[in-house]
Amino acid sequence: MAPIAGVLFDGIAYGMLLFLLSVGLTVTLGMMNFVNLAHLAFAMLGAYASVYLVNALKWPFFAALPFSFLAAALAAVVLERALYRRLYGADELNQVLLTIGLAFMSVAGAAYFFGTVQQSMQVPAYLQGSLIVLGTNISAYRLFLVAIGLSIALALILALEYTRFGAQVRAAVDNQRMAHGLGINVNGLFAVTFALGSGLAGLGGALSAQVLGLDHTFAFTYLVFVLIVVSVGGLGSIRGSLAAALLIGISDVAGKYYVPQVGAFLIYFVMVVILMWRPAGLFGRRA
């Protein structure tokens, strides 16, 4: 049972990383109907900001994490005002072309400023060890990732589904003209939502640097995984993204551990089966 429990926990921890990286896209794509393929560029920015602060400037790990959120959120505010806002009403192809171009630019910029060598971030000593639970070795840092992922999921569910802010965002997405008529500042609301989604991506990038590593291709390396999580979970559903991320994480780790010959393709099989069963995703709204 120990190997099974260890694989299960590692899958849950990996799933939490995928959730932290994808939840921002769930917010922007699912609630704003904007196809942002540059989402992980914001995650990469947050990761590089925290790595630089911790490794070069010797900041404490927990002091650098808020700056990873802020760096990505501020960049999102600038780009949202300059570029994204112009395409809110455009078709998906124009949105894809703009954001994939930004992703390529971010990769080139990261290579120019930070080099192409993979980097990692030093974490506190108490997060580097492991715990023995029921005969299973559990990484302290992965346990921390599980805890923070659950906390963020709970906070987002409460904020977006049970507050006035969340109701205004849903109203603006469903009918912008009616929302304007009710006195809702739609442009400001979308800017805040976009900054929130991108800031969460930056935080997820910072937290994942220790486990996944960080290099200039980060914006593309995990993009497919993030898109799988969002599509399997259902657009706009925080619960769906959490469930999908855990399912994909466990499937990927278990597949690579038990059937390494085909393990890398198992998540695609899981995605196809789920979307054939529920085309709108696990928690997606049916048309």
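As the structure is a computational prediction, the values presented were derived from the model and not from experiment.

Caption draft 1: Main features of the packing of aromatic side chains. Summed over the entire model, instances satisfying the criterion amount to 17 aromatic pairs. Aromatic side chains F34 and Y84 sit 5.1 Å apart centroid to centroid with 45° between the ring planes, which places their arrangement in the tilted category. Of this pair, F34 sits in the loop between α1 (2-32) and α2 (39-56) while Y84 sits in the loop between α3 (61-82) and α4 (92-114), and the two are 50 residues apart along the sequence. Note on accessibility: F34 and Y84 belong to one class, buried. An aromatic cluster is built from F34, F42, Y84, Y88, F190 and F194, whose rings are joined through pairwise contacts. Over the aromatic face of W277 sits the side chain of R278, whose NZ or CZ is 5.8 Å from the ring centroid.

Caption draft 2: Layout of a nonpolar patch on the surface. A contiguous nonpolar patch, built from I4, V224, Y257, Y258, V259, V262, F265 and Y268 and spanning about 790 Å² of accessible area, is present on the exposed surface. Here Y257 shows up in helix α11 (residues 238-258).

Caption draft 3: Broad picture of the nonpolar core. F19, F61, Y141, L207, L214 and I238 are the most contacted members of the largest nonpolar core, which totals 89 residues. When residues in this core are grouped by element, the largest group, 14 residues, is from α1. Once you skip the residues sitting within four places of it in the chain, Y141 turns out to touch F61, V123, L127, A206, L207, Q210 and V211.

Caption draft 4: Just the pattern of salt bridges, in detail. As enumerated under the stated definition, the model contains 2 salt bridges in all. With a shortest N-O distance of 3.2 Å, R85 and E80 are connected by a salt bridge. Taking the shortest distance from any N to any O, the salt bridge between K256 and D252 comes out at 3.3 Å. Placement of both K256 and D252 in helix α11 is noted, with a separation of 4 residues, approximately one turn of the helix. Here D252 falls in the buried class, since its relative accessible area comes to 3%.

Caption draft 5: Main features of the environment of L266. Examined against the element boundaries, L266 turns out to sit in helix α12 (residues 266-277). What L266 contacts, discounting residues up to four positions off in sequence, is S251 and G255.

Caption draft 6: A look at helix α8 (residues 186-212). End to end, α8 covers 37 Å across 27 residues, agreeing with the expected 39 Å (1.5 Å per residue, within 8%). Maximal helix bending in α8 amounts to about 25°, located at A206. Counting buried residues along α8, 21 of its 27 residues qualify, which places the element largely inside the surrounding structure. Positive phi appears at G213, one or two residues downstream of α8, with a value of about 80°.

Caption draft 7: How the structure looks around the packing of α11 against α12. At a closest axis distance of 8 Å, the pairing of α11 and α12 adopts a crossing angle of 140°. With respect to α12, the element α11 is oriented oblique. Both α11 and α12 take part in a crossing whose hand is right-handed. Every residue of α12 that contacts α11 at L247, I248, S251, D252 and G255 is listed here: L266, I267, V270 and I274. For the contact of α11 with α12, the class distribution of residues is 6 nonpolar, 2 polar and 1 charged.

Caption draft 8: Local environment of the pairing of strand β2 (residues 136-139). Residues T136 and I138 point to one face of β2 and are all buried, whereas N137 and S139, pointing to the other face, are not buried. Note that strand β1 (residues 130-133) and β2 share 4 bridges and pair antiparallel. Bridging from a neighbouring strand, I132 pairs with N137 of β2.

About the thresholds
- The numbering scheme is per chain: residues are counted from 1 as the chain's sequence reads.
- Residue-level local features of this predicted model are given only where pLDDT is at least 70; pairs of side-chain atoms are given and counted only at 80 or more, and the full residue set underlies all totals for whole chains, interfaces and linings.
- For the side-chain quantities, the full set of heavy atoms in the structure was used; hydrogens and water were omitted.
- In this analysis, rings of Phe, Tyr and Trp, with Trp reduced to its six-membered ring, are considered paired at centre separations within 6.5 Å, and the interplanar angle assigns stacked below 30 degrees, edge-to-face beyond 60, and tilted for intermediate values.
- For helices the rule is a DSSP run of H or I covering at least 4 residues; for strands it is a run of E covering at least 2, with both sets numbered from the N terminus onward.
- Think of it in three bands: residues with accessible area under 20% of the maximum for their type are buried, residues over 50% are exposed, and the middle band is partly exposed, with areas taken using a 1.4 Å probe on protein chains only.
- Here, over-ring charges are defined by two tests on the NZ atom of lysine or the CZ atom of arginine: distance to the ring centre within 6 Å, and angle to the ring normal within 35 degrees.
- What goes into a patch is any residue over 30% in relative accessible area without a salt bridge, connected to like charges within 9 Å or, for nonpolar side chains (Val, Leu, Ile, Met, Phe, Trp, Tyr), within 5 Å.
- Exposure was quantified through the Shrake-Rupley algorithm and a 1.4 Å probe, taking into account, for residues, occlusion by the shown protein chains and nothing else.
- Just to be clear on terms, a salt bridge is a Lys or Arg side-chain nitrogen sitting within 4 Å of an Asp or Glu carboxyl oxygen.
- We define a nonpolar core as any set of buried Ala, Val, Leu, Ile, Met, Phe, Trp, Tyr and Cys residues linked to one another through side-chain atoms lying within 4.5 Å.
- Between two residues, a contact is recorded if the distance between any of their heavy atoms is within 4.5 Å.
- Working rule for helices: expected span equals 1.5 Å times residues minus one.
- Fitting axes to the seven residues ending at a residue and to the seven starting there, one defines the bend at that residue as the angle between these axes.
- For helices, the fitted line uses only the C-alpha atoms of the stretch in contact; every axis is such a line through C-alpha atoms, and the angle between N-to-C directions lies from 0 to 180 degrees.
- Relative orientations are named as follows: roughly parallel for angles under 35 degrees, roughly antiparallel for angles over 145 degrees, roughly perpendicular for angles from 65 to 115 degrees, and oblique for any other angle.
- Each crossing is labelled by how the near helix is turned from the far one, with a counterclockwise turn of less than a right angle marking it left-handed and a clockwise turn marking it right-handed.
- In this classification, Asp, Glu, Lys and Arg are treated as charged, Ala, Val, Leu, Ile, Met, Phe, Trp, Tyr, Cys and Pro as nonpolar, and every other residue, Gly included, as polar.
- Two strands are said to pair when DSSP picks up at least two bridges between them.

No statement about biological role is implied by the geometric values presented.
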